[in-house]
Every structure is written in C-alpha cells, then in structure tokens.
Amino acid sequence: MNLTAREREIVALLRAEPLLDAAALAERIGSTRAAVSVHLSNLGRKGVVLGRGYIVRPEADSVVVVGGAVLDAKMRIAVTPVIGSSNPGTSTSTVGGVGRNIAENLARLGSPTVLVAAVGDDLAGRTVVARTEAAGVECRHVVTSVHPTGTYAAVLDDGGDLLVAVADMRATDELTVADLAVVPSLLEGADALVVDANLAAPVIRWLLSAADEAGIPGIFEPVSVAKATEAAPVLDGTVRIHTVTPNVAELAALVGSPVRDDVEGVVAAAGLLHDRGVEHVWVSRGTSGSLLSVAARPAGDAPARSRRVVLVSAPDATAEDVTGAGDSMTAGYVHALLSGEDVVEAARFGQVLASLTVASSDTVRPDLTTALVAAHLTPHQPSTQEIPA
C-alpha cells in the first residue's frame, strides 16, 4: 500500500486507539492538528480510513472492481426449447452485472472490495446499491448516470445453459475517465484492480494503465464475445496486464481470429496475448476445466524461461444455472492470489468456486464463504497437469 511514513504512523495509532481525534493524534506524533487533518483526508482518499469516525480499513488485501452493475432477469424454459414459440418456464429477478458479481463474490469470500460502477437515479439503481452493500461491498464511489440502471435478461434452456441474453448497459457504456477520476486514488490503498469489458476501450486502457502505474495487478474480464471484440485494441502491447480471463469464444475475439477448442489451439492463441503484454491468460473451457498460460519472463539477467501451461480439471457438478459462473471464477482467482497463493492454486480455487456457482440457482451464492470452497478443494482435486508450451 502506497502510504507515507507519517500516514503509516497515524494508521498504527488508529488501529490501537480508534477513538483518537485529530488533536490527540497531533499530540501523539508531535505535529499540528491542521497537518493531521490533511493526513486523515489523504488516508480517506486512499480508502484506508473509512468515514468520519476514523474507522481504519481492515489490513486484509483489498480489491477495486470497475465494471457493470445491473438488474438481472433470468427465464428458464422447463421443456425442450421451441424457437419461435411460447415456452413454459420460470423467471427470477436479482441484482447482477459482471463487475458487481465479481465484487460480491470477493466480499463474501472476505476480501475488502470497493465497487465503482454506474447506476441510474431510479429505484433499480437504489436496489442494486442496497443489495450490493448488504453483501459487504463498499459502494460509496458508485456513479449516478443520466441513463437508467442497466438491465440484463437471460433465457436458459431446460438444462440451465444460456440460450440468449440481452443487455442494456448504456449507463456503463457512457462512463468516462472523468467519471472515474477517483480510481487512481483508490488504487493507492488497494492490492488489485479488476476491470470488466462493459466499459469503453479507452476507459479500460486508462484503468489498466493506472493499475500498472500503482504497481498492483490488473485483471481484465472480457465479459462476452461482443464486448471482447470492442476491447481487443487495448491488448496491443502498450499496457502490461497481469491476467486476462476469457472463455474460448472470447479468446478468439481478443486475438481476432478463430480458436480451436482444444489444448493446442488455446495455447497458440494465449501466446498471441502474451506477445501483447498479458502475463497470465486463464481460459475457461466449460466442463473441460480451464487452461492457464503463464508468459515466459526472465529474472534479472537470467535467460528467459519456457512458457508454463497448466490444465486445471473441472470438478463434477450438476448444472442448475450457469449464470455468474465466469464471474465467480474470476473472483475466486483474485481472492486466492491476494491470500498468497500462486497462480496455479488460485486457478484451482476459482475453478471450484465456479462449480459451486453452477450448482446453485443463484448468480452469486448467498452462502458463499472461504470455508465452503475449502470443503470442496482437496490437495488433488481439481487436478492440474503441466504440459509443454
């Protein structure tokens, strides 16, 4: 965390005695009340001190998530779908959005998380914020848009697989760098940034560059084929990105050419992203699990090592609803990384969380905890296999 020596001194005092005011802090450190007030203001801007009562942010690693927040409507057909006709089924409505879902998963896992997203000045927006805050996500920096709160409507077949979805994301589409001006200061007090592709390409580039400048991992979630296609120009080698988390179709959109859904095809496409500044490419392959590709990177004057490619199996799961599986997968990966795991163990953790999400009818499991994931994560499952690049 990028804090000055004086700021660290103040934080240490507040952790020991949270009720100290500016005058008492000034006396303790041999400074003036005015100077301490400036330090407290900076700590609030950095997200370390929360609120006017000098509540200090937990010491646990924190994440800033910037992306979509919407109201979800999910309709599941109860019989074999008949296109062009009415189908019997059930419908549910809940809060969603890729960025918002990732943020809620992270918060439920215990990672302090700040969400920066756009909602309208409407009941839907207030609902999205209230439910997200109730899950433990910090939403003070949510942007109020002139557009209505976004909506996402998904139609699932009788097996729970997505048939088609329609998203109205104008509030997110119109977000500008100026709207997100608070993000660089938030990154000074954060340990990772997650960006989803619902944002415009220039905004994505600016955010990932800000993470790189702050010296923290930038994780990019491509969202969909359409969004990945729009965001692909960002991956041109000018911005260093810690991890990109596509599925195979999104990977093809990012590299601008078809990708065979086999190991050789995915490895080759991942290599193209490595050439464009991406250090880790983690590709979801549905029931085939996932493939993690780590770029060759020399250490100091040492020769470059070979690229590392690891296959991660998919745990057995009865699919109830696939909605949100990719979001939870990314969240699990980020949470594990910030808990000190290496990228392979982080991928295993995310893979288990995805299987738990698929087995639930909820987009984000309300019973999600690290203990739940740990109970399904064993030393040998999901299995991993390192293969030649």
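The structure we're discussing is the one just above.
Residue indices follow the written sequence of each chain, beginning from 1 at its first position. Per-residue local features of the predicted model are confined to residues with pLDDT of at least 70, and side-chain atom pairs are confined, for both listing and counting, to 80 or more; whole-chain, interface and lining totals are unaffected and use all residues. Calculation of side-chain values draws on the structure's entire complement of heavy atoms; hydrogens and water are dropped beforehand.

This paragraph deals with the overall build of the protein. When helices and strands are counted, the protein shows 14 helices and 17 strands. Taken over C-alpha atoms, the radius of gyration is set against a globule rule of 2.2 Å times the number of residues to the power 0.38. The C-alpha atoms of the protein give a radius of gyration of 22 Å, which matches the 21 Å a tight globule of 389 residues would have. For the protein, the spread of C-alpha atoms along the three principal axes comes to 70 × 60 × 40 Å. Classification of residues uses two cut-offs on accessible area relative to the type maximum, computed with a 1.4 Å probe and protein chains only: under 20% is buried, over 50% is exposed, and between them is partly exposed. Residues counted as buried form 49% of the 389 residues belonging to the protein. The criterion used for residue contact is that any of the two residues' heavy atoms lie within 4.5 Å. Here the analysis covers contacts within the protein between residues at least 6 apart in sequence; of these, 68% occur between residues at least 24 apart. Per element, the accessible surface of the protein, about 16900 Å² overall, is 53% carbon and sulfur. One way to put it: in the protein the 29 positive side-chain charges average out to a point 4 Å from where the 45 negative ones average out. A run of DSSP states H or I qualifies as a helix once it reaches four residues; a run of E qualifies as a strand once it reaches two. Both are numbered from the N-terminal end. In this description, accessible areas are obtained by the Shrake-Rupley approach with a 1.4 Å probe, and a residue is regarded as covered only by the protein chains that are shown. For this count, His and the chain ends are skipped, Lys and Arg are scored as positive, and Asp and Glu as negative. Charged side chains are reduced to one point each, which is NZ for Lys, CZ for Arg, CG for Asp and CD for Glu.

Here the focus is the pairing of strand β14 (residues 278-284). For β14, a buried count of 5 out of 7 residues is recorded, marking the element as mostly surrounded by other parts of the structure. Sheet topology places β14 next to strand β15 (residues 290-294); 5 bridges connect them, and they run antiparallel. Opposite S284, over in β15, you have S290 as the bridge partner. When DSSP finds two or more bridges between a pair of strands, those strands are recorded as paired.

Below, the discussion takes up the side chain of E250. Among the secondary structure elements, E250 is positioned in helix α10 (residues 248-255). Throughout this description, the term salt bridge denotes a Lys or Arg side-chain nitrogen within 4 Å of a carboxyl oxygen of Asp or Glu. One buried charged side chain, E250, makes no salt bridge at all; its nearest oppositely charged neighbour is K227, positioned 12 Å away.

Bringing the side chain of S355 into the picture now. With respect to the helices and strands, the residue S355 is situated in helix α13 (residues 343-358). Beyond its immediate stretch of four places on either side in the chain, S355 contacts P315 and A317.

A separate point is helix α4 (residues 98-109). The span expected for a helix works out to 1.5 Å for each residue beyond the first. Under the 1.5 Å per step criterion, the end-to-end length of α4 is 17 Å for 12 residues, consistent within 8% with the ideal 16 Å. Among the 12 residues in α4, 11 count as buried, and that is most of the element. Just downstream of α4, G110 is the residue with a positive phi angle, here 105 degrees.

Taken in spatial order, the 4 strands make up an open sheet running β5-β4-β9-β10, and their pairing is mixed. Edge positions in the sheet fall to β5 (89-96) and β10 (162-168), since each of these pairs with one other strand and no more. Mean inter-strand twist for the sheet, computed between neighbouring axes without regard to direction, equals 15 degrees. As judged from the 7 bridges shared by strand β4 (residues 70-77) and strand β9 (residues 150-156), these two strands associate in the parallel manner. Within the sheet, the bridge partner assigned to L71 lies in β9 and is T151. Every angle, taken between N-to-C directions, lies between 0 and 180 degrees, and every axis is a line fitted to C-alpha atoms, over only the stretch in contact when it is a helix. Taken strand by strand, helix α5 (residues 123-134) contacts β4 and β5, and its axis lies near 75 degrees from that of β5.

Turning next to helix α12 (residues 325-338). The end-to-end C-alpha distance of α12 is 20 Å, a good match for the 20 Å that 14 residues give at a rise of 1.5 Å each. Burial runs high along α12: 13 of the 14 residues are buried. Immediately downstream of α12, the backbone of G340 shows phi near 105 degrees, a positive value.

Moving on, we get to the nonpolar core. Only buried Ala, Val, Leu, Ile, Met, Phe, Trp, Tyr and Cys residues count toward a nonpolar core, and they belong to the same one when joined by side-chain atoms within 4.5 Å. Residues V64, V66, L193, I204, L207, F220 and L251 are the most contacted members of the largest nonpolar core, which totals 51 residues. Not counting chain neighbours up to four residues away, the residues in contact with L193 comprise V64, V66, L187, L207, L208, A211, I216, P217, G218 and I219. Core analysis: the second largest hydrophobic core is formed by 45 residues, A331, L337, V343 and A346 among them.

Attention now moves to the pattern of salt bridges. Under the definition given, this model contains 16 salt bridges. A salt bridge links D121 to R126; the shortest N-O distance between them is 3.5 Å. Given the relative accessible area of 63%, D121 is considered exposed. The closest approach of N and O atoms between D173 and K227, which form a salt bridge, is 3.2 Å. With a gap of 54 residues between them, D173 in helix α6 (residues 170-173) and K227 in helix α9 (residues 225-231) connect regions that are remote in the sequence.

Glancing now at the layout of surface pockets. Empty space within the largest pocket amounts to approximately 1400 Å³. A cavity, in this analysis, means grid points on a 1 Å lattice covering only the protein atoms where a 1.4 Å probe fits yet has no way out; a pocket is instead an open set bounded by protein on both sides within 12 Å along at least five of seven lines, and a residue lines either one if it has an atom within 4 Å of a point. Taken together, 45 residues make up the lining of the largest pocket; nearest its centre are N247, V322, G324, A325 and G326. Of all elements in the fold, only β4, α4, β10, α9, β14, α12 and α13 reach the threshold of two or more residues within the lining of the largest pocket. Asp, Glu, Lys and Arg are counted as charged, while Ala, Val, Leu, Ile, Met, Phe, Trp, Tyr, Cys and Pro are counted as nonpolar; the rest, among them Gly, fall into the polar class. Here the lining of the largest pocket is built from residues that sort into 22 nonpolar, 15 polar and 8 charged. Grid points are joined across faces, edges and corners, and a volume is the space filled by probe spheres set on the points. The volume enclosed by the second largest pocket comes to roughly 380 Å³. Lining the second largest pocket are 21 residues, with K74, T92, S361, D362 and T363 positioned closest to its centre.

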